[in-house]
Amino acid sequence: MENWITEFMDQFGYFGVFLLIMIENVFPPIPSEVILTFGGFMTTYSDMTRMGVIIAATAGSIIGAMILYSIGLFLDVARLEKIVDRWGGVLRLTRKDIRKADAWFDKYGPWTVLLCRLVPLIRSLISIPAGMSNMNFPLFILLTTIGSLIWNTALVMIGAAVGDNWQSIVHYMDIYSNVAYALLAIGGIVICIWYIRFRRKRV
């Protein structure tokens, strides 16, 4: 996949960066680390500029996030409640649980959207619960732009700085991603254990 990404970017330049980042936001397994660091490297031997790559990548991030936000709007609380009414017994969920989760995102959603833009994989998927909670759209776009701009700028600048050693940065980003995934998994397990114990106390 890495070779295909670099060849596509070599051929299409800024548009290639925009399109790949947009797709990466909708389909997270495509590594933004490769796209952005190679994009930074391209500025050292082509007519492309760092600012141009950052703008193209950020535009792609915003459009991709809007697509997932729209999917979240379709999977709104009302539809989730219908799913819980049918499968709640199996999922051990109630309408009250859905409303609590929605209320939590209403309260902490802005910070979550902003900070999660700096976490691989989650940086894309966070747009779905933002849409599900019907988060204020202009605020969602603003925070998405800020978070994506930080992420894109950092990786493009690093790619430009290390030049043809950009692949070494991808290796370190893989380590960062694995650590982030491990922490998320641990956090998920802790939350599940807490939730099960909480439900048992209520019974």
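Structural data are supplied above this passage.
Residues numbered from 1 in each chain as written. Predicted model: local features only at pLDDT ≥ 70, side-chain atom pairs only at ≥ 80, totals over all residues. Heavy atoms only, no water.

Engineer: What is the right way to read the overall build of the protein from this model?
Structural biologist: From N to C terminus, the protein includes nine helices and zero strands. Here the protein, with 203 residues, has 41% of them falling under the buried criterion. Look at the contacts in the protein between residues 6 or more apart in sequence, and 76% of them connect residues 24 or more apart. Within the structure as shown, the protein displays about 11400 Å² of accessible surface, and the carbon and sulfur contribution to it stands at 69%. (Helix = DSSP H or I, 4+ residues; strand = E, 2+ residues; numbered from the N terminus. Buried < 20%, exposed > 50% of the residue type's maximum accessible area, 1.4 Å probe, protein only. Contact = heavy atoms within 4.5 Å. Areas by Shrake-Rupley, 256 points an atom, 1.4 Å probe, with all protein chains shown as cover.)

Engineer: Would you explain the nonpolar core in this entry?
Structural biologist: Soluble globular proteins: nonpolar side chains tend toward being buried together. Grouped together as the largest cluster of nonpolar side chains are 21 residues, with contacts concentrated most on I5, M9, V17, L20, I21, I35 and L36. Of all the secondary structure elements, the ones that give two or more residues to this core are α1 (2-26), α2 (32-42), α3 (50-74) and α8 (137-162). Among the nonpolar cores identified, the runner-up in size contains 13 residues, and F105, L114, F140 and L143 belong to it. (Core = buried A, V, L, I, M, F, W, Y, C linked by side-chain atoms within 4.5 Å.)

Engineer: In this structure, what is going on with unusual backbone geometry? I would like to understand it.
Structural biologist: Its identity is not glycine, yet N134 carries a phi of approximately 60°, on the positive side. Secondary-structure assignment places N134 in the loop between α7 (127-132) and α8.

Engineer: What exactly am I supposed to notice about the packing of aromatic side chains here?
Structural biologist: Each pair of aromatic rings is reported with the distance of its centres and the angle of its planes. Throughout the structure, instances matching the rule amount to seven aromatic pairs. Each residue in the set F38, F41 and Y45 is aromatic and connected to the rest through ring pairs, giving one cluster. (Phe/Tyr/Trp six-rings, centres within 6.5 Å; stacked < 30°, edge-to-face > 60°.)

Engineer: Could you clarify how one ought to interpret a nonpolar patch on the surface in this entry?
Structural biologist: Taken together, the side chains of I23, V26, F27, I63, I67, I71, F74 and L75 define a hydrophobic patch exposed on the protein surface, amounting to about 630 Å² of accessible area. Put simply, the parts of the chain that give the nonpolar patch at least two residues each are α1 and α3. Sorting elements by how many residues they give to the nonpolar patch places α3 first, with four residues. Its place among the elements puts F74 in helix α3. (Patch = residues over 30% accessible without salt bridge, like charges linked within 9 Å, V, L, I, M, F, W, Y side chains within 5 Å. Salt bridge = Lys/Arg side-chain N within 4 Å of Asp/Glu carboxyl O.)

Engineer: Hey, could you run me through the packing of α3 against α8 in this one?
Structural biologist: Between two packed helices, both the angle of their axes relative to each other and the distance between the axes serve to describe the pair. Interhelical geometry of α3 versus α8 gives an angle of 140° and a closest axis separation of 8 Å. In terms of axis orientation, α3 runs oblique to α8. Two packed elements cross with a definite hand, and for α3 against α8 that hand is right-handed. Here α3 contributes R50, V53, I54, A57, T58, S61, I62, A65, M66 and Y69 to the contact with α8, which in turn contributes F137, F140, I141, T144, T145, S148, L149, N152, T153, V156, M157 and A160. A class-by-class count of the residues in the contact of α3 with α8 yields 14 nonpolar, seven polar and one charged. (Axes fitted to C-alpha atoms, helices over the stretch in contact; angles between N-to-C directions. Parallel < 35°, antiparallel > 145°, perpendicular 65-115°, else oblique. Left-handed = near helix turned anticlockwise from the far one by under 90°. Nonpolar A, V, L, I, M, F, W, Y, C, P; charged D, E, K, R; others polar.)

Engineer: I would appreciate a short explanation of α8 in the present structure.
Structural biologist: Quick reminder: α-helices carry 3.6 residues per turn. Residues three or four places apart thus point the same way. Look at α8: 37 Å from first C-alpha to last across 26 residues, which is about the 38 Å you get at 1.5 Å a residue. Of all the residues in α8, the buried ones are F140, I141, L143, T144, G147, S148, W151, N152, L155, V156, G159 and A160. Backbone nitrogen of L139 and a side-chain oxygen of the N-cap are separated by 2.9 Å at the start of α8; the cap is N136. One or two residues past the end of α8 sits G163, with phi positive at roughly 60°. (Expected span 1.5 Å × (residues − 1). Polar contact = N/O pair within 3.5 Å; in protein donor to acceptor, adjacent residues only side chain to side chain.)

From the geometry alone we can't say anything about function, so treat these as descriptive.
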